[in-house]
Amino acid sequence: MTATLAVPLAPFVDALPVPRRLVAARHNGRLSVPIRAGAHRFHRGLPESAIWGYDGTVPGPTIEAERGQPVTVVWRNELDGTLPVVVTTAPKAADASGVPVQCVPGLSGGVPDRNAAALAGHTVVHLHGALVPAPYDGWTENLFAPGQQAVFHYPMDQRAALHWYHDHVMGITRFDVYAGLAGLWIIRDQRERDLGLPEGPPFEVPLLLQDRNFGLDDSGRLTGQLVHKTDPEVMEAFPPFTVVNGKVWPLLEVQPATYRFRVLNGSNARTYRLVLLHNGEPELRRITQIGTDHGLLRAPTRVPPDGLVLASAERADLLVDFSDLAPGSELTLLNTAAAPFDGAPFRAANAYSAADPGRMLPYPHVMRFRVVPGPATRPAIPGELATDYRLPSPDALAGAPRRTIALVERELDGEPNMLTMRELVITGDDHTGPAVTVTDGEQTTRYRAAAAHFEDATTFFPMLDRYEVWQLINLTDDTHPIHVHLDPFQILSRRPIRYQIPEHGIEDLSITATVTLERDPGDELGHTIDDNERGLKDTVRVNPNEITEIAVRFTTYSGRYMYHCHILEHEDRDMMRPFVTTPAELMPFMA
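Residues numbered from 1 in each chain as written. Predicted model: local features only at pLDDT ≥ 70, side-chain atom pairs only at ≥ 80, totals over all residues. Heavy atoms only, no water.

Engineer: Quick rundown of the overall build of the protein? Include the residues and the values.
Structural biologist: Across its full length, the protein holds five helices and 38 strands. Its C-alpha atoms give the protein principal-axis dimensions of about 70 × 60 × 55 Å. Split into buried and exposed, the 591 residues of the protein put 61% on the buried side. Relative to all contacts within the protein whose residues are 6 or more apart in sequence, the contacts with residues 24 or more apart total 78%. Accessible surface, the protein: about 22400 Å² in total, of which carbon and sulfur atoms supply 49%. When the 53 basic and 74 acidic side-chain charges of the protein are each reduced to a single mean position, those positions are 5 Å apart. (Helix = DSSP H or I, 4+ residues; strand = E, 2+ residues; numbered from the N terminus. Buried < 20%, exposed > 50% of the residue type's maximum accessible area, 1.4 Å probe, protein only. Contact = heavy atoms within 4.5 Å. Areas by Shrake-Rupley, 256 points an atom, 1.4 Å probe, with all protein chains shown as cover. Lys, Arg positive; Asp, Glu negative; His and termini not counted. Charge placed at Lys NZ, Arg CZ, Asp CG, Glu CD.)

This is the structure:
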């Protein structure tokens, strides 16, 4: 399916909104943020949509904090009414013309989910990327109801970076975030200021990328009603309209200067591969990446030649140079990533023709930049950005505990597939039950599943201040962005694998598979670490036919946290597990 669909909304006609700034220092480090229902217009051609939002807005206010200055937030749940999103599963994956139903507005014959329609606004807030004591991490089951509030204390003893806060309620995170419960959080420090980077408006601009779908009335006109639609073949929601800071395909007027864009993929499931075009040709040379999930890279880097890839929850700190462009020049940001994303390449040179409903990408538009008159400025970019971290040495990782996690998809009859993360433990040759064998050259290791579901007993007890190596084995067809709460990690390697899973090899608790560390004949992925991924991360893409290794070290806080796939439909379908960080002196007493 490569036909181009008619565009139902005019692109690049609404100005890019910039969320209200809420600077903690101006409030003595104490903030009160209401969580309430509201109305929001996603596009001038749409009626207002009912939403849930922090401060009643989409996105919520951008909270700014200083490193080392704690922030206390009173999250006040003032939600009233029920979920302002129609949730449905269409009866067929494609319409009569062969167009995937997720590419078009409306319910596509689906029936509204009555259970979702009855959701009354329980919430819990997770500050994604924050180093916080466990009681304030937003544990997925620690809900507070409408009329209640939660007081969270954030130490802010961490590097400057762009993070975000969002809802994290068990089983319905996908609906609450889709309804609007997300906002940005920026930590600043003196190191960044000493580099002379743009800070605040107009030259520092946050960009929250999401995707949304809307309902249709009886005459086929868009209603503005938010619709979360899936289909029998694709359990994730891939809405057709890209939304930046709450607007569909907005326009930003820029001066001939260098801008700093703080970019977050806040979509439920969609991965973006961003390409900047000028006169139909890629202009990636204008983009310099200076930071990733947890702040500055050690040195500036170019984005990959195919474009900047951001899976759900990944962030990028970018400098974009417009200084040589004449007033009236226009540049368009497009997305070339298919959905569900599997890591497959797409040349930046072909970005102009990326639209393809068959790849669940009916409209590749993201936003447009238009140059307006102003003084031309192009500040120098420092060659060294950060010196406070480096990749752990082999000696630092020698003897480090190794944890192995298999990412699997279990097919179920009559309901969506179940995505889980199987925590594996090494077993001896005398083990006769289901097992996963991993062969690397002449060495073969046998594993059995120790845990499969969120409610299973905790098996990960990392010791504070001790490095661990986590191996993530992807036994599915999709790329999974795996998010680890609390401290950041670094990517050590990506290695290709081939694997076989026998019929009924994935059961409720058990798994049988053979994995060999060598390239599958049909595998076209590079399995490399991009230069812009060599910083401090909290979310890592694990591609199909791949083992990804990360170096994890928890440094400060003990308690119960979690890790999970940040495709929210996967997280809510059980692709999430707990871990408990533990001080060294308690380890002898841990059975």
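Engineer: Summarise the sheet that holds strand β23 (residues 315-321); cite the residues concerned and give the values.
Structural biologist: Here we have seven strands laid out as an open sheet, ordered β15-β14-β11-β17-β23-β20-β21, and mixed in their pairing. Among the strands making up the open sheet, the edge pair consists of β15 (247-248) and β21 (295-301). Pairing of strand β20 (residues 287-292) with β21, which is carried by three bridges, proceeds in the antiparallel orientation. Considered in β21, the bridge of Thr 292 is made with Gly 295. (Pairing = 2+ DSSP bridges.)

Engineer: Would you mind going over a nonpolar patch on the surface in detail, with residue names and values included?
Structural biologist: Residues Leu 586, Phe 589 and Met 590 make up a contiguous nonpolar surface patch of roughly 320 Å² in combined accessible area. Mapped onto the elements, Met 590 comes out in the segment after β38 (576-581). (Patch = residues over 30% accessible without salt bridge, like charges linked within 9 Å, V, L, I, M, F, W, Y side chains within 5 Å. Salt bridge = Lys/Arg side-chain N within 4 Å of Asp/Glu carboxyl O.)

Engineer: So, the layout of surface pockets: which residues are in play, and what are the values?
Structural biologist: The calculated volume of the largest pocket comes to roughly 1100 Å³. Surrounding the largest pocket, 39 residues form its lining, Met 235, Glu 409, Arg 410, Pro 416 and Asn 417 being those nearest its centre. Looking at the lining of the largest pocket, the elements with two or more residues in it are β6 (85-89), α2 (173-178), β13 (222-230), β26 (402-410) and α5 (568-572). It is β6 that provides the largest number of residues to the lining of the largest pocket, a total of three residues. Taken together, the residues of the lining of the largest pocket sort by class into 13 nonpolar, ten polar and 16 charged. (1 Å grid on protein atoms, 1.4 Å probe; cavity = no way out; pocket = protein on both sides within 12 Å on 5 of 7 lines; lining within 4 Å. Points joined across faces, edges and corners; volume = space filled by probe spheres on them. Nonpolar A, V, L, I, M, F, W, Y, C, P; charged D, E, K, R; others polar.)

Engineer: I'd love a proper account of empty space enclosed by the protein, names of residues and values included.
Structural biologist: Evaluated as defined, the whole model comprises eight cavities of 30 Å³ or more. Elements that contribute at least two residues to the lining of the largest cavity include exactly β17 (258-265), β18 (272-278) and β23. Here the lining of the largest cavity gets three residues from one element, more than from any other, and that element is β18. Grouping the amino acids of the lining of the largest cavity by side-chain chemistry returns twelve nonpolar, no polar and no charged. Forming the boundary of the second largest cavity are Val 18, Pro 19, Arg 21, Thr 62, Glu 64, Ile 186, Arg 188, Gly 200, Pro 201, Glu 204 and Pro 206. Of all the secondary-structure elements, those providing two or more residues to the lining of the second largest cavity are β4 (62-66), β10 (182-188) and β11 (204-212). Residues that form the lining of the second largest cavity fall into these classes: five nonpolar, two polar and four charged.

Engineer: Mind laying out the sheet that holds β10, listing which residues take part and the relevant values?
Structural biologist: Judged by pairing direction, the sheet is mixed, and its five strands sit side by side in the order β1-β4-β10-β9-β7 without closing on themselves. Whereas interior strands pair on both sides, the edge strands pair on one side only; in this sheet they are β1 (21-23) and β7 (125-128). Adjacent strand axes in the sheet meet at a mean angle of 25° when their direction is disregarded. Two strands pair when backbone bridges link them, and strand β9 (residues 161-167) and β10 are joined in this way by six bridges, in the antiparallel orientation. Note on β10: the bridge partner recorded for Tyr 165 is Gly 183. (Axes fitted to C-alpha atoms, helices over the stretch in contact; angles between N-to-C directions.)

Engineer: Give a description of the packing of aromatic side chains that names residues and reports values.
Structural biologist: Across all of its chains, the model carries 27 aromatic pairs by this definition. On the numbers, 5.9 Å between centres and 15° between planes, the contact of Phe 241 with Tyr 363 is stacked. Note that Phe 241 is positioned in strand β14 (residues 241-244) and Tyr 363 in the loop between β24 (330-335) and β25 (365-371), a separation of 122 residues in sequence. According to the relative accessible area criterion, Phe 241 is buried, its value standing at 0%. With a centroid separation of 6.0 Å and an interplanar angle of 15°, the aromatic rings of Tyr 259 and Phe 261 are classed as stacked. Considered together, Tyr 259 and Phe 261 belong to a single accessibility category, that of buried residues. Through successive ring pairs, a cluster of aromatic residues spans Tyr 54, Trp 75, Tyr 136, Phe 152, Tyr 154, Tyr 165 and Trp 185. In this structure, Arg 212 is placed above the aromatic ring of Tyr 178, and the distance from its NZ or CZ to the ring centre is 4.4 Å. Its guanidinium or amino end placed over the ring of Phe 460, Arg 403 lies 4.7 Å from that ring's centre, counting from NZ or CZ. (Phe/Tyr/Trp six-rings, centres within 6.5 Å; stacked < 30°, edge-to-face > 60°. Lys NZ or Arg CZ within 6 Å of the ring centre and 35° of its normal.)

Engineer: Any details on the pairing of strand β27 (residues 418-426)? Residues and values, ideally.
Structural biologist: In terms of burial, β27 is a largely internal element, seven of the nine residues being buried. By the bridge criterion, four bridges tie β27 to strand β29 (residues 443-451) in an arrangement that is antiparallel. Note on β29: the bridge partner recorded for Glu 423 is Ala 451.

Engineer: Give a detailed account of the nonpolar core, specifying residues and quantitative values.
Structural biologist: In this structure, Phe 42, Trp 75, Tyr 154 and Trp 185 are the most contacted members of the largest nonpolar core, which totals 53 residues. Contact partners of Tyr 154, with chain neighbours within four places excluded, come to Pro 70, Val 71, Val 73, Trp 75, Leu 127, Val 132, Tyr 136 and Trp 185. Counting residues in each nonpolar core, the second largest holds 35 residues, with Leu 252, Ile 287, Ala 351 and Val 371 among its members. (Core = buried A, V, L, I, M, F, W, Y, C linked by side-chain atoms within 4.5 Å.)

Engineer: An account of unusual backbone geometry is needed here, citing residue identities and associated values.
Structural biologist: Omega for the bond connecting Val 58 with Pro 59 falls within 30 degrees of zero, at -10°, which places this linkage in the cis form. With respect to the helices and strands, the residue Pro 59 is situated in the loop between β3 (49-54) and β4. Backbone torsion omega between Pro 201 and Pro 202 reads 5°, so that peptide bond is classified as cis. Position of Pro 202 relative to the elements: it lies in the loop between α3 (190-194) and β11. A positive phi angle, near 85°, is found at Asp 574, a position not held by glycine. Within the secondary structure, Asp 574 is located in the loop between α5 and β38.

Engineer: Please provide a residue-by-residue account of the side chain of Thr 62, values included.
Structural biologist: Inspection of the secondary structure assignment puts Thr 62 in strand β4. Judged by relative accessible area, Thr 62 falls into the buried class, the value being 3%. Not counting the four nearest positions on each side in its chain, Thr 62 is found in contact with Pro 19, Arg 20, Arg 21, Leu 22, Leu 184, Ile 186 and Pro 206.

Engineer: Can you lay out the pattern of salt bridges for me, pointing to particular residues and giving the numbers?
Structural biologist: Throughout the structure, instances matching the rule amount to 44 salt bridges. As a salt-bridge pair, Arg 36 and Glu 78 come within 3.2 Å of each other at their nearest N and O atoms. A residue pair is termed long-range when its members are at least 10 positions apart, and Arg 36 in strand β2 (residues 30-40) and Glu 78 in the loop between β5 (71-77) and β6 qualify at 42 residues. Judged by its relative accessible area of 28%, Arg 36 is partly exposed.

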